[in-house]
Amino acid sequence: PQAVAAFLHTHASELDKVALGEYLGHHEDFEVAVMRAYVDGERTAGLTIDIALRALLSHFRLPGEAQKIDRIMEKFADRFVADNPGSNFRNADG
């Protein structure tokens, strides 16, 4: 999963943003692991939550299905809280 995530990061500007978002939103184990590695590849330390989210979403479009969006956003929240321990967020749930 880490190698696929690294490839997707490296080539994000060459990939279709909608297709990449759909792939990252899949629920199969391997794709979920890729999505987690992909989001973990984003560094959000020192950024406000809106800037960090915009940076992540500049590479792909969120999929249309609520469950897929939820998976991606939950992982983003985990990453943001881990990178910003002094923020107003105590944990990924707020």
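Scroll up for the structure.
Since the structure is predicted, the reported quantities are computational estimates derived from the model, not experimental observations.

**Student:** Got a minute to help me understand the overall build of the chain in this structure?
**Tutor:** Helices and strands together make up the secondary structure of the chain, namely five helices and zero strands. Reading the helices (α) and strands (β) of the chain from amino to carboxyl end gives α-α-α-α-α. Over its C-alpha atoms the chain spans a radius of gyration of 13 Å, differing by no more than 12% from the 12 Å that the globule rule assigns to 94 residues. If you line up the chain on its principal axes, its C-alpha atoms span 35 × 25 × 20 Å. Burial status across the chain gives 32% buried among its 94 residues. In the chain, the share of contacts with a sequence separation of at least 24, taken over all contacts with a separation of at least 6, comes to 64%. For the chain, the computed accessible surface area is about 5,600 Å², with 54% contributed by carbon and sulfur atoms.

**Student:** Whenever I open this one, the packing of helix H4 (residues 49-57) against helix H5 (residues 66-83) confuses me. Can you help?
**Tutor:** Describing two packed helices takes the angle between their axes plus the distance from one axis to the other. Two numbers describe how H4 lies on H5: the axes approach to 11 Å, and their chain directions differ by 130 degrees. When the interaxial angle is binned, H4 and H5 end up oblique. For the pair H4 and H5, the sense of crossing is right-handed. Taking contact as the criterion, the partners of Ile-49, Ala-52, Leu-53 and Leu-56 in H4 are, on H5, Met-73, Phe-76 and Phe-80.

**Student:** I'm lost on the side chain of Glu-42 in this one. Help?
**Tutor:** Looking at where Glu-42 falls in the secondary structure, it is placed in the loop between helix H3 (29-40) and H4. No salt bridge forms around the buried Glu-42; measuring N to O, its nearest opposite-charge neighbour Arg-43 is 8.8 Å away. Excluding its chain neighbours within four sequence positions, the residues that come into contact with Glu-42 are His-9, Ala-55, Leu-56, His-59, Arg-79 and Asp-83.

**Student:** Any chance you could explain the nonpolar core here in plain terms?
**Tutor:** Burial of nonpolar side chains together is a common tendency in soluble globular proteins. By size, the foremost hydrophobic cluster in this structure holds 16 residues, and its most contacted members are Leu-8, Leu-20, Leu-24, Tyr-38, Leu-56, Phe-60 and Phe-76. Those elements that provide at least two residues to this core are helix H1 (2-10), helix H2 (17-25), H3, H4 and H5. Here this core gets five residues from one element, more than from any other, and that element is H3.

**Student:** Looking at this model, I keep getting lost on the environment of Gly-25. Mind explaining?
**Tutor:** Within the secondary structure, Gly-25 sits in helix H2. Residue classification places Gly-25 among the buried positions, given a relative accessible area of 0%. Counting along the chain gives 43 residues from Gly-25 to Lys-68, while the straight-line C-alpha distance between them is 4.5 Å.

What counts, and at which threshold
- Residues numbered from 1 in each chain as written.
- Predicted model: local features only at pLDDT ≥ 70, side-chain atom pairs only at ≥ 80, totals over all residues.
- Heavy atoms only, no water.
- Helix = DSSP H or I, 4+ residues; strand = E, 2+ residues; numbered from the N terminus.
- Rg over C-alpha atoms; globule rule 2.2 N^0.38 Å.
- Buried < 20%, exposed > 50% of the residue type's maximum accessible area, 1.4 Å probe, protein only.
- Contact = heavy atoms within 4.5 Å.
- Areas by Shrake-Rupley, 256 points an atom, 1.4 Å probe, with all protein chains shown as cover.
- Axes fitted to C-alpha atoms, helices over the stretch in contact; angles between N-to-C directions.
- Parallel < 35°, antiparallel > 145°, perpendicular 65-115°, else oblique.
- Left-handed = near helix turned anticlockwise from the far one by under 90°.
- Lys, Arg positive; Asp, Glu negative; His and termini not counted.
- Salt bridge = Lys/Arg side-chain N within 4 Å of Asp/Glu carboxyl O.
- Core = buried A, V, L, I, M, F, W, Y, C linked by side-chain atoms within 4.5 Å.

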